[in-house]
Amino acid sequence: MSTLTGHQDDTAPSPQLSGIADRFVAARRAGAALEGFPGTVPDDLVTAYRVQDLAIAQWPDRVVGWKVGYIAPERRDASGDERLLGPIFARHFWNATGGSMPIPVFVGGFGAVEAEYVLRLEADAPVDKLDWTPDEAAALPSTLFIGVEVASSPLATINQLGPRVVVSDFGNNNGLLLGAEIADWTSLDEAQLLAETFIDGASVGSGGAERLPGGLRTAFAFALSRSARRGRPLKAGEYIATGNATGIHDIAAGQSARVVFHGHGTLDCHAVPASQETPA
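The sections below set out a description of the structure shown in this document. Source: prediction; values computed, not measured.

Our focus in this paragraph is the nonpolar core. Formed by 73 residues in total, the largest nonpolar core has its most connected members in Tyr117, Phe220, Leu224 and Ile240. Leaving out residues up to four positions away in the same chain, isoleucine 240 has contacts with Trp66, Val68, Tyr117, Val118, Leu119, Leu121, Phe220, Ala223 and Leu234. The next biggest cluster of nonpolar side chains, apart from the first, holds nine residues, and it includes Ile88, Phe93, Leu178 and Ala241.

In structure tokens form, the structure reads like this:
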């Protein structure tokens, strides 16, 4: 694990980094698309997390959790991180009601849904523990749920441009839909946690917890370690979306999605333009 700190950097932000954060925040608040990355792409994840922290500080909402995204080996930097984090905010955290949930995506930007296994911490992580193993993570009290991440950004090319760009814009997150609890997750065989995603009724991907490299415990350990090293140790009540379990599935306003978690429930949602939301 690297010593990337991000949030703990005491140096004043450069106008360039502040400008990137400002442009992403303005676009998100307006529900508008960006034609390109608003500035020079950060040189590394250290710098990208500084942009993210600047944007979080501006955003008129509180963080209730974090999404975890996997970084392909050829796209990793000197930090050595195999994953990345992005914030989930309270106003874009929804409990499933049994009907189809409207989810906001940026028209002209990027929009996708991801089947997720979501952990909720039931105890604070020790503030001075910076490194976590998967087994240590599993031993921290937590509850597992099914969920759907709304992966959406004002920037259409966000995933093509890579992890430093994804981190800069809230981890490409625009919401999390939470479903039913999966009881006693640490005693389950993760191979039995299976899911399938449908867009407009057509199957677009299947998989499950084992699709995540290292499984749920490894994703959880990363979230704990990286959050602590950023100066944001995880707290009881925070949620961790562990990564896409069936793939990243494009969705546009007007389309619907259904995610079936075999034996644990089904979540339905339909995409609406982010521009139709009431600005925060």
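Two numbers describe how helix H1 (residues 15-30) lies on helix H2 (residues 45-58): the axes approach to 9 Å, and their chain directions differ by 50°. Compared by their axis directions, H1 and H2 come out oblique. Along this stretch, H1 crosses H2, giving a crossing that reads as right-handed. Between H1, through Leu17, Ser18, Ile20, Ala21, Asp22 and Val25, and H2, the contact on the second element is made entirely by Thr47, Arg50, Val51, Leu54, Ala55 and Gln58.

Before going further, it helps to spend a moment on the packing of aromatic side chains. The full count for this structure, using the stated rule, is seven aromatic pairs. A centroid spacing of 6.2 Å and a plane angle of 55° characterise the contact between phenylalanine 145 and tyrosine 239, whose relative ring orientation is tilted. Separated by 94 residues along the polypeptide, phenylalanine 145 in strand E6 (residues 142-153) and tyrosine 239 in strand E10 (residues 239-241) bring together distant segments of the chain. You'll find phenylalanine 145 and tyrosine 239 in the same group, each marked buried. Stacked on the ring of tryptophan 132, the Lys or Arg lysine 129 has its end atom at 5.0 Å from the ring centre.

What follows deals with the environment of aspartate 77. With respect to the helices and strands, aspartate 77 occurs in the loop between strand E1 (63-70) and strand E2 (83-89). Residue class for aspartate 77 comes out partly exposed when judged on its relative accessible area of 24%. Residues aspartate 77 and serine 168 lie 91 residues apart in sequence; the distance between their C-alpha atoms is 15 Å. In contact with aspartate 77, other than residues within four places in its own chain, are Asp44 and Leu45.

With that out of the way, let us pick up the side chain of aspartate 81. Within the secondary structure layout, aspartate 81 lies in the loop between E1 and E2. Taking relative accessible area as the criterion, aspartate 81 reaches 2% and is therefore assigned buried. At a separation of 2.7 Å, a polar atom in the side chain of aspartate 81 contacts the side chain of arginine 226.

On to unusual backbone geometry, then. Positive phi, close to 50°, is recorded for aspartate 184, a residue that is not glycine. Examined against the element boundaries, aspartate 184 turns out to sit in the loop between strand E7 (176-182) and strand E8 (194-199). A relative accessible area of 60% means that aspartate 184 is categorised as exposed. In the Ramachandran plot, aspartate 200 falls in the positive-phi region, its phi being about 50° despite a non-glycine side chain. Mapped onto the elements, aspartate 200 comes out in the loop between E8 and strand E9 (202-208).

Scoring rules and cut-offs
- Residues numbered from 1 in each chain as written.
- Predicted model: local features only at pLDDT ≥ 70, side-chain atom pairs only at ≥ 80, totals over all residues.
- Heavy atoms only, no water.
- Core = buried A, V, L, I, M, F, W, Y, C linked by side-chain atoms within 4.5 Å.
- Buried < 20%, exposed > 50% of the residue type's maximum accessible area, 1.4 Å probe, protein only.
- Contact = heavy atoms within 4.5 Å.
- Axes fitted to C-alpha atoms, helices over the stretch in contact; angles between N-to-C directions.
- Helix = DSSP H or I, 4+ residues; strand = E, 2+ residues; numbered from the N terminus.
- Parallel < 35°, antiparallel > 145°, perpendicular 65-115°, else oblique.
- Left-handed = near helix turned anticlockwise from the far one by under 90°.
- Phe/Tyr/Trp six-rings, centres within 6.5 Å; stacked < 30°, edge-to-face > 60°.
- Lys NZ or Arg CZ within 6 Å of the ring centre and 35° of its normal.
- Polar contact = N/O pair within 3.5 Å; in protein donor to acceptor, adjacent residues only side chain to side chain.

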